[in-house]
Each structure stands twice: as C-alpha cells, then as structure tokens.
Amino acid sequence: MTWEAEEVLFLHFINGKTKQQAIQYDFWETEYHRKPLDLLKQLTAKGAIHQSDDLSFTLTQFTVPIIKDLLKKAGLKVSGNKIDLIERVKAHREFIDLSHLNMESVYTVDESLETFLHDTIFLNYISLHGPVTIDDAYSYYLRHQDLNASELIIALHERRIEESLLQSNKYEAVKCHHLLSEYYTSELHDNDKSLYHLNHFSMLIVLESIQRFQQLNPAEKKDTFFNIDNYTIEKYRNMLIMKQLDINMLYSIFLEHSVQLPYSEEETLLAVQFIIRCIIGSESAEEKLIDDLAALD
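The sections below set out a description of the structure shown in this document. (Residues numbered from 1 in each chain as written. Predicted model: local features only at pLDDT ≥ 70, side-chain atom pairs only at ≥ 80, totals over all residues. Heavy atoms only, no water.)

A word on the packing of aromatic side chains. Going through the model one piece at a time under the given rule, you end up with 16 aromatic pairs. Ring geometry for Trp28 and Tyr32: centres 5.8 Å apart, planes at 40°, overall tilted. Of this pair, Trp28 and Tyr32 both sit in helix 3 (residues 27-32), 4 residues apart, which is roughly one turn of that helix. As far as burial versus exposure is concerned, Trp28 and Tyr32 are alike and both buried. These aromatic residues form a ring-pair network of at least three members: Phe10, Phe13, Tyr25, Phe27, Trp28 and Tyr32. (Phe/Tyr/Trp six-rings, centres within 6.5 Å; stacked < 30°, edge-to-face > 60°. Helix = DSSP H or I, 4+ residues; strand = E, 2+ residues; numbered from the N terminus. Buried < 20%, exposed > 50% of the residue type's maximum accessible area, 1.4 Å probe, protein only.)

So this is what it looks like as structure tokens:
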C-alpha cells in the first residue's frame with residue numbers, strides 16, 4: 001500500500017480519537033494544506049482505520065478522576081495508572097454504570113498496520129520540531145527501513161547539519177544541533193553526545209555573530225552584538241556544579257569539538273574564550289571579544 005507522509009502522520013494522530021476530535025483542528029490545513037475530513041475518508045477507504053466501541057479506546061476520552069469515580073461507585077479499587085483503571089472497568093463491566101457517560105466511537109488503526117505504526121513513530125517528533133519536513137523524513141525512512149526511530153531522527157538532523165554548514169545561512173545547523181542536544185539528553189540519556197551538540201550550537205551562534213560583526217562599518221559596532229541565551233549558559237553551569245567536568249576540561253572539549261567547523265582558527269579560539277567568559281559570569285566578555293576582533297583587523 002502506498003502512503004503519503006501526511007496520511008502516515010494522520011494515522012498516528014487519529015488513533016484513539018473520535019470523529020469530532022479528528023476534524024476540529026485547523027492544524028492540518030495550516031501546516032499541510034490538507035482537510036482532516038478528506039484524510040479521514042482516505043484512510044477509511046484504504047481500510048487503515050475503523051471505528052471502535054471497545055472500552056480500551058473509548059474510555060481514554062475521560063480523565064482519571066472520572067474513571068476512578070466509576071470504580072469507586074461500584075466498590076472497586078481505584079489504584080493504578082489510567083491503563084490499569086480502564087482494564088479494571090472492562091473486567092467488571094457488568095457492575096459499572098456507564099449510562100451517564102457520553103461515549104463516542106473512536107477510530108483505531110487496523111491491526112495489520114501495527115508494525116508500520118511503530119516504525120513510523122518518529123514522524124510525530126519530526127512534525128513537532130523543525131527544520132526537517134515530514135515529507136523529507138518519510139522519504140528517508142523508505143530508503144532506510146533498517147533504522148529505528150532514534151537512528152532516523154539523528155540521521156535526518158545530522159544530514160541537515162551537513163547541508164546547512166555548506167550554505168551562507170547556517171540557521172538550520174544551529175537549530176538541528178540544539179534539537180539533537182535536547183534529544184540526546186531527554187530520550188537517550190547520553191550526556192557526551194548532548195554536550196557535543198550543545199557546544200556546536202553555542203559555537204555556531206557566536207561564530208556567525210563574529211562574521212556578521214566583521215562586515216559592519218565602525219558606526220554600526222557600538223551596540224551589544226554578542227550573546228548566549230541564559231538557558232544554555234545555565235546548562236553549562238549546572239554541569240560544572242554537578243562536577244561532570246571543570247572549566248578547563250570544558251575549554252578543551254570546546255576546542256576539540258570545533259575542529260571541523262568552517263571558520264578560521266583565530267575566530268574559533270575567540271568564540272570559545274567568549275563562551276567560557278559568559279559561563280563564569282564575566283561582565284567584560286563581549287568587550288574583550290570586540291577588542292580581540294579589532295586586533296585581528
């Protein structure tokens with residue numbers, strides 16, 4: 001069966017939702033120029049989704065307190081997570097009054113597509129985080145179906161970084177390094193890889209600012225120009241506080257990570273020094289950088 005990227009993403013979105021929930025958002029038209037009702041009809045025609053009244057799905061529409069109240073009134077235990085509670089309601093269905101709940105049928109993905117749904121879960125992440133499009137991501141997946149979700153997400157962003165570094169505007173590389181740093185921390189718990197991408201994110205911001213600064217005329221060089229956001233600075237400071245590394249180690253790691261960046265050795269060194277000064281809270285970090293850049297002219 002042939003799929004479009006938007007159909008696959010909608011397949012994930014529709015699973016466990018009612019028809020009204022599926023068509024109420026303008027997200028699909030705004031982002032993908034697709035009407036959700038049309039997508040719903042297409043997936044139904046393909047036999048990809050079906051409507052179900054199974055309590056495993058219909059009860060997910062309700063909050064945990066509502067489901068607990070059902071169990072409590074039937075004299076049943078109310079411990080456990082939402083899945084446990086729903087299974088308990090199903091097991092004791094004959095003793096529980098559900099008549100006051102406005103339960104609607106929900107769409108569920110056909111069992112034959114469970115593996116496909118699992119293998120394409122990475123599209124949910126791609127759809128929420130730029131700059132890779134779901135079309136590019138799905139096309140890449142079709143050529144690399146041996147990769148798991150994490151491997152696909154990483155490969156897609158690393159490829160976009162390589163492409164962006166060859167362009168004059170390196171914003172996409174900056175964005176991808178930031179996303180990968182967060183992804184390695186939150187999803188893979190790999191602090192070394194997270195630091196690698198965090199360093200590249202920080203270095204690219206400063207190095208790109210250095211190059212823009214050098215193109216200004218003297219009158220334009222009076223205002224504040226260089227900056228690292230507080231969120232990033234606090235990340236580095238927390239690493240130092242937690243003794244994951246010390247400031248000298250961080251300095252060396254910055255230099256090591258920056259070797260392949262497409263900038264001069266002098267610019268790279270000044271960028272590292274500026275970031276380190278920002279991390280230790282030096283109020284003269286920008287002033288020192290501007291003086292050092294003037295010395296290069």
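What follows concerns the environment of Asp69. Looking at the element boundaries, Asp69 is found in helix 6 (residues 64-73). Separated by 82 residues in sequence, Asp69 and Glu151 have C-alpha atoms that sit 43 Å apart.

This paragraph deals with helix 13 (residues 191-214). If you check helix 13, its first and last C-alpha atoms are 34 Å apart, about what 24 residues at 1.5 Å a residue would give, namely 34 Å. N-cap assignment for helix 13: the residue whose side-chain oxygen lies 3.3 Å from the backbone N of Asp192 is Asp190. (Expected span 1.5 Å × (residues − 1). Polar contact = N/O pair within 3.5 Å; in protein donor to acceptor, adjacent residues only side chain to side chain.)

Our focus in this paragraph is the pattern of salt bridges. Under the definition given, this model contains 12 salt bridges. In this structure, Glu29 engages Lys35 in a salt bridge whose closest nitrogen and oxygen atoms are separated by 3.5 Å. Classification of Lys35 as partly exposed rests on a relative accessible area of 46%. Here Glu234 and Arg237 are joined by a salt bridge, their closest N and O atoms 3.1 Å apart. With Glu234 and Arg237 both in helix 14 (residues 230-241) and 3 residues apart, the pair spans about one turn of that helix. (Salt bridge = Lys/Arg side-chain N within 4 Å of Asp/Glu carboxyl O.)

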